[in-house]
Amino acid sequence: MTEQSDNSANAMWGGRFAAGPDAIMEAINASIGFDKRLYAQDIRGSRAHAAMLAAQGIISPNDEKAIGEGLLTVLSEIEAGDFPFKTALEDIHMNVESRLKEIIGEPAGRLHTARSRNDQVATDFRLWVRDQADAVIAGLEQLIRAALSQAEKGADWVMPGFTHLQTAQPVTWGHHMMAYVEMFGRDKSRFEDARKRMNESPLGAAALAGTSFPIDRHATAEALGFDRPMANSLDAVSDRDFALEFLSSAAICAVHLSRLAEELVIWSSAQFRFVTLSDRFSTGSSIMPQKKNPDAAELIRAKIGRILGAAVALFVVMKGLPLAYSKDMQEDKEQVFDAADNLMLALAAMSGMLTDLTANRDKLEAAAGSGFSTATDLADWLVREAGLPFRDAHHVTGTLVAMAEKQGIDLPDLTLDEMQSVNPAITQDIFTVLGVHNSVASRQSYGGTAPDQVRKQIARWKDILA
């Protein structure tokens with residue numbers, strides 16, 4: 001997308017060029033194959049621009065009316081699938097303007113007064129990314145609600161908590177689900193924060209230096225829902241921070257989705273059976289009739305590659321560009337389009353999976369006490385009740401774990417005599433902390449896994465989302 005345009009027969013660039021581009025140049029230069037997705041934003045921006053030109057006395061009210069009505073006709077043709085997109089016209093802007101001229105004639109040529117395709121595309125793209133940020137925020141809210149529902153259902157269901165994918169301490173299903181609520185909540189805040197920063201209008205910056213026409217940039221900014229016009233015309237046409245922030249936030253969100261997807265893959269396996277995925281989000285095997293594959297989770301897990309790749313690609317495009325506009329920036333949209341599509345699909349799929357998910361309480365509880373998961377509770381008791389320094393308590397607990405492991409039993413199955421043979425300060429009271437339910441109930445610190453603490457966090461998030 002370049003600075004100038006007219007409707008000459010040979011090329012879109014006007015009288016400077018005597019001959020049109022050859023086929024290769026046309027192919028590498030055209031962006032209509034992907035930027036036609038900006039049609040709604042392009043028409044919206046053009047209508048706001050025309051209304052401002054008329055209000056400022058730069059074009060006549062009759063021309064503004066013809067342009068506005070003609071653009072609505074173009075919009076209806078595109079939405080009906082009747083619009084003939086032409087590669088020779090390069091991009092969405094010139095395709096719309098060319099069709100507008102066919103519909104209304106001479107007034108169409110006045111639409112481009114006091115603007116360039118540089119500020120036009122910057123405005124269109126910013127509007128599109130802003131719309132997509134709104135969609136992602138709504139998708140994250142839906143996902144958070146699905147996770148909250150799971151957390152509320154299992155606020156006191158015990159399960160193993162893991163580090164290094166080894167049993168560490170008992171936690172609750174609700175606590176585990178709330179960890180993802182916090183992650184997706186941060187994702188939501190990142191998109192909201194990025195949206196605030198991107199909500200400035202480039203329209204009226206023209207090619208790079210502004211314009212000599214008496215335009216009202218505040219009027220077009222307000223008409224398009226922006227907070228204000230961008231304060232520097234060079235920055236307005238060359239900035240793609242809004243797209244980079246969107247992709248960066250998308251990549252972090254995709255990491256969180258991938259981590260949850262990985263857990264669903266593991267938990268739904270025959271070796272764990274912690275959860276059962278619904279048939280809606282599973283597939284079978286072409287050869288093994290017993291299989292129920294977590295394909296939706298696996299595909300979500302893979303989306304991070306595409307989304308992170310899109311972010312890296314755009315960072316590379318932008319890293320060496322001098323001010324203001326360079327044709328390199330035509331390569332900004334496909335990456336964002338692809339990342340946005342895949343993020344929205346992953347959010348919808350994960351929301352659906354969590355909504356349909358069945359957590360198998362019995363399996364979770366049976367696994368909660370495995371791997372000496374209450375060893376830390378024993379050590380804490382020795383510190384709190386027997387007055388041992390934590391390092392000494394850690395050593396005593398390790399000795400008791402080794403004793404139980406040698407016998408093939410768990411810590412609560414050791415006798416009091418066996419425990420006292422390691423440390424005589426141990427009393428019968430030790431058994432009150434060795435059960436998994438006692439363990440989770442004791443974790444009363446803010447943000448801990450105790451069911452009442454989990455319920456407090458659920459209530460807090462319900463208030464946030466209200």
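No experiment lies behind these values; they were computed from the predicted model shown. (Residues numbered from 1 in each chain as written. Predicted model: local features only at pLDDT ≥ 70, side-chain atom pairs only at ≥ 80, totals over all residues. Heavy atoms only, no water.)

K.L.:
Summarise the pairing of strand E1 (residues 158-163); cite the residues concerned and give the values.
P.N.:
Note: E1 against strand E2 (residues 166-172), six bridges, orientation antiparallel. Looking across to E2, one finds that Thr163 is bridged to Gln166. The antiparallel hairpin formed by E1 and E2 contains two residues in its connecting segment, where His164 sits at a positive phi of about 60°. (Pairing = 2+ DSSP bridges. Helix = DSSP H or I, 4+ residues; strand = E, 2+ residues; numbered from the N terminus.)

K.L.:
Now, about the UniProt feature "domain: Argininosuccinate lyase C-terminal" (unreviewed entry) in the protein: what can you tell me, with residues and values included?
P.N.:
In the numbering adopted here, UniProt assigns the feature "domain: Argininosuccinate lyase C-terminal" (unreviewed entry) to residues 372-441. Taken as a whole, residues 372-441 contains 64% helix and 0% strand, while its terminal C-alpha atoms sit 17 Å from one another. (UniProt positions renumbered as here; feature names shortened; annotations may be inferred.)

K.L.:
How would you summarise helix H15 (residues 390-407) if you had to cite specific residues and measurements?
P.N.:
The terminal C-alpha atoms of H15, which comprises 18 residues, lie 26 Å apart, in line with the 26 Å expected from a rise of 1.5 Å per residue. Check the buried side of H15 and you find it contacts helix H14 (375-384) and helix H16 (416-422). (Expected span 1.5 Å × (residues − 1). Contact = heavy atoms within 4.5 Å.)

K.L.:
I'd like a rundown of unusual backbone geometry, residues and numbers included.
P.N.:
Leu323 connects to Ala324 through a cis peptide bond whose omega is 10°. Along the chain, Ala324 falls in the loop between helix H11 (295-318) and helix H12 (333-356). The phi torsion at Ala114 lies on the positive side, around 65°, for a residue other than glycine. Its place among the elements puts Ala114 in the loop between helix H5 (92-104) and helix H6 (117-153). In the Ramachandran plot, Ala206 falls in the positive-phi region, its phi being about 60° despite a non-glycine side chain. When you line up the elements, Ala206 lands in the loop between strand E3 (200-201) and helix H8 (217-223).

K.L.:
Give a detailed account of the packing of H6 against helix H7 (residues 173-198), specifying residues and quantitative values.
P.N.:
Contact geometry of H6 with H7 gives a least axis separation of 9 Å together with a crossing angle of 165°. Between H6 and H7, the crossing angle belongs to the class labelled roughly antiparallel. Between H6 and H7 lies a crossing of left-handed hand. Classifying every residue of the contact of H6 with H7 by side-chain character gives 16 nonpolar, three polar and nine charged. (Axes fitted to C-alpha atoms, helices over the stretch in contact; angles between N-to-C directions. Parallel < 35°, antiparallel > 145°, perpendicular 65-115°, else oblique. Left-handed = near helix turned anticlockwise from the far one by under 90°. Nonpolar A, V, L, I, M, F, W, Y, C, P; charged D, E, K, R; others polar.)

K.L.:
How would you explain the packing of aromatic side chains if you had to name every residue and give the values?
P.N.:
A complete count under the given rule lists ten aromatic pairs for this structure. Here the aromatic rings of Phe125 and Phe337 are separated by 6.4 Å at their centres, their planes lie at 85°, and the arrangement is edge-to-face. Highlighted residues: Phe125 in helix H6 and Phe337 in helix H12, separated in sequence by 212 residues. The exposure classification of Phe125 matches that of Phe337, with both residues buried. (Phe/Tyr/Trp six-rings, centres within 6.5 Å; stacked < 30°, edge-to-face > 60°. Buried < 20%, exposed > 50% of the residue type's maximum accessible area, 1.4 Å probe, protein only.)

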